[in-house]
Amino acid sequence: MPKAIQAYVRYVDRVSHIIGRIAMYLIFVMMGILLFSAISRSVFDVPYIWVVEMAQFTMAAYYLLGGGYSMLLNSHVRVDIFYGRWSIRKRAFTDSITAFCLIFYLVFLLVGGLSSTRYALEYGQKNYSTWGPPLAPIKIIMCFGIVVMLLQAFSMFFKDLARARGVPIEGKSA
């Protein structure tokens, strides 16, 4: 593989690793929000209307920002009916096809996300709830997470293609 592709794989893997490690802590933020809600309701009898939506936004950021890291660690779900019996090169070839399908999906997801984000920014879109938070910030975070997953999908594609050719590219290892 060309040096530019190898550099791309190393850089994107490193970025996905950093963002994923940071995103891991969002689960604690969400737990803190829910713990605050439970204590304020049960101890002080003061319910807050923003807690559930804020926990949902935090969870959305958690799994979208962690998507590239999950792909990097190869910790996504794979149905292993035949896959485990195949050679490394055949697995890599199959993975390169599925990575291409993932890239196709993520491009359409990103186009829709960007359109939705532009709408939210242009019209000041708010959620239809009692709290009514603006939706632009979470949509921007979601688009950023999709971009990271798209870059990581290309990295996976290049690594699988190289492995299928018998010359593996080593990126960032977890």
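This one's a predicted model, so the numbers in the text were calculated from it and none came from an experiment.

K.L.:
Hey, could you run me through the overall build of the protein in this one?
P.N.:
From N to C terminus, the protein includes 6 helices and 0 strands. Overall, the protein shows an N-to-C arrangement of helices and strands of α-α-α-α-α-α. Against the 2.2 N^0.38 benchmark of 16 Å for 174 residues, the protein shows a C-alpha radius of gyration of 20 Å, more extended than a compact globule. Seen along its three principal axes, the alpha-carbon backbone of the protein occupies a region of about 65 × 35 × 30 Å. Buried residues in the protein amount to 36% of all 174 residues. Carbon together with sulfur atoms contributes 69% to the accessible area of the protein, which is approximately 10,900 Å² in total. The positive charge centre, built from 17 side chains, and the negative charge centre, built from 8, are 9 Å apart in the protein.

K.L.:
I tried to follow the environment of I97 on my own but got confused; where do I start?
P.N.:
Checked against the element boundaries, I97 lands in helix α5 (residues 88–123). Judged by relative accessible area, which is 43%, I97 ranks as partly exposed. Expressed as a C-alpha distance, the spacing of I97 and G112, which sit 15 residues apart in the sequence, is 23 Å.

K.L.:
Which parts of the structure should I look at to understand a nonpolar patch on the surface?
P.N.:
A cluster of nonpolar side chains, contributed by L35, F36, I39, V43, F44, V46 and Y48, occupies part of the molecular surface with about 660 Å² of accessible area. Within the secondary structure, L35 is located in helix α2 (residues 26–42). In this structure L35 comes out as exposed when scored by relative accessible area, which is 51%.

K.L.:
Please explain the environment of S70 as it appears in this structure.
P.N.:
Topologically, S70 is positioned in helix α4 (residues 67–72). Given a relative accessible area of 25%, S70 falls into the partly exposed group. When the C-alpha positions of S70 and A99 are compared, they lie 14 Å apart, and in sequence the two are 29 residues distant. Beyond its immediate stretch of four places on either side in the chain, S70 contacts S75 and H76.

K.L.:
When you look at the packing of α5 against helix α6 (residues 136–165) in this model, what are you seeing that I'm missing?
P.N.:
For any two helices packed against each other, the geometry comes down to the angle between their axes and how far apart the axes lie. Where α5 contacts α6, the axes come no closer than 8 Å and their chain directions differ by 160°. By the angle class used here, α5 and α6 are roughly antiparallel. Here α5 and α6 pass one another in a crossing that is left-handed. The residue inventory of the contact of α5 with α6, partitioned by class, reads 26 nonpolar, 4 polar and 6 charged.

K.L.:
Can you help me understand helix α1 (residues 3–23) in this one?
P.N.:
A turn of α-helix holds 3.6 residues, and therefore any two residues three or four places apart point the same way. In this model, α1 (21 residues) spans 30 Å end to end at C-alpha, consistent with the 30 Å of a helix rising 1.5 Å per residue. Buried residues in α1 make contact with α2, α3 (51–65), α4 and α6.

K.L.:
Looking at this structure, how should I read the pattern of salt bridges?
P.N.:
A side chain of one charge can pair with a side chain of the opposite charge if their charged atoms are brought near each other. Taken as a whole and assessed by the stated rule, the structure comprises 2 salt bridges. Note that K159 and D13 form a salt bridge whose closest N and O atoms lie 2.8 Å from each other. Residue K159 is found in helix α6, and its partner D13 is found in helix α1; the two are separated by 146 residues along the sequence. By relative accessible area, K159 is classed as buried at 11%. A salt bridge links R163 to D160, with the shortest nitrogen-to-oxygen separation between them at 3.0 Å. Here R163 and its partner D160 are both found in helix α6, 3 residues apart, which amounts to about one turn of the helix.

K.L.:
What am I meant to see in the packing of aromatic side chains here?
P.N.:
Two measures describe an aromatic ring pair: the distance that separates the ring centres and the angle between the ring planes. Overall, the coordinates contain 10 aromatic pairs when judged by the stated rule. Taking 6.1 Å as the distance between ring centres and 55° as the angle between the ring planes, the aromatic pair formed by Y83 and W86 counts as tilted.

Rules used in this analysis
- Residues numbered from 1 in each chain as written.
- Predicted model: local features only at pLDDT ≥ 70, side-chain atom pairs only at ≥ 80, totals over all residues.
- Heavy atoms only, no water.
- Helix = DSSP H or I, 4+ residues; strand = E, 2+ residues; numbered from the N terminus.
- Rg over C-alpha atoms; globule rule 2.2 N^0.38 Å.
- Buried < 20%, exposed > 50% of the residue type's maximum accessible area, 1.4 Å probe, protein only.
- Areas by Shrake-Rupley, 256 points an atom, 1.4 Å probe, with all protein chains shown as cover.
- Lys, Arg positive; Asp, Glu negative; His and termini not counted.
- Charge placed at Lys NZ, Arg CZ, Asp CG, Glu CD.
- Patch = residues over 30% accessible without salt bridge, like charges linked within 9 Å, V, L, I, M, F, W, Y side chains within 5 Å.
- Salt bridge = Lys/Arg side-chain N within 4 Å of Asp/Glu carboxyl O.
- Contact = heavy atoms within 4.5 Å.
- Axes fitted to C-alpha atoms, helices over the stretch in contact; angles between N-to-C directions.
- Parallel < 35°, antiparallel > 145°, perpendicular 65-115°, else oblique.
- Left-handed = near helix turned anticlockwise from the far one by under 90°.
- Nonpolar A, V, L, I, M, F, W, Y, C, P; charged D, E, K, R; others polar.
- Expected span 1.5 Å × (residues − 1).
- Phe/Tyr/Trp six-rings, centres within 6.5 Å; stacked < 30°, edge-to-face > 60°.

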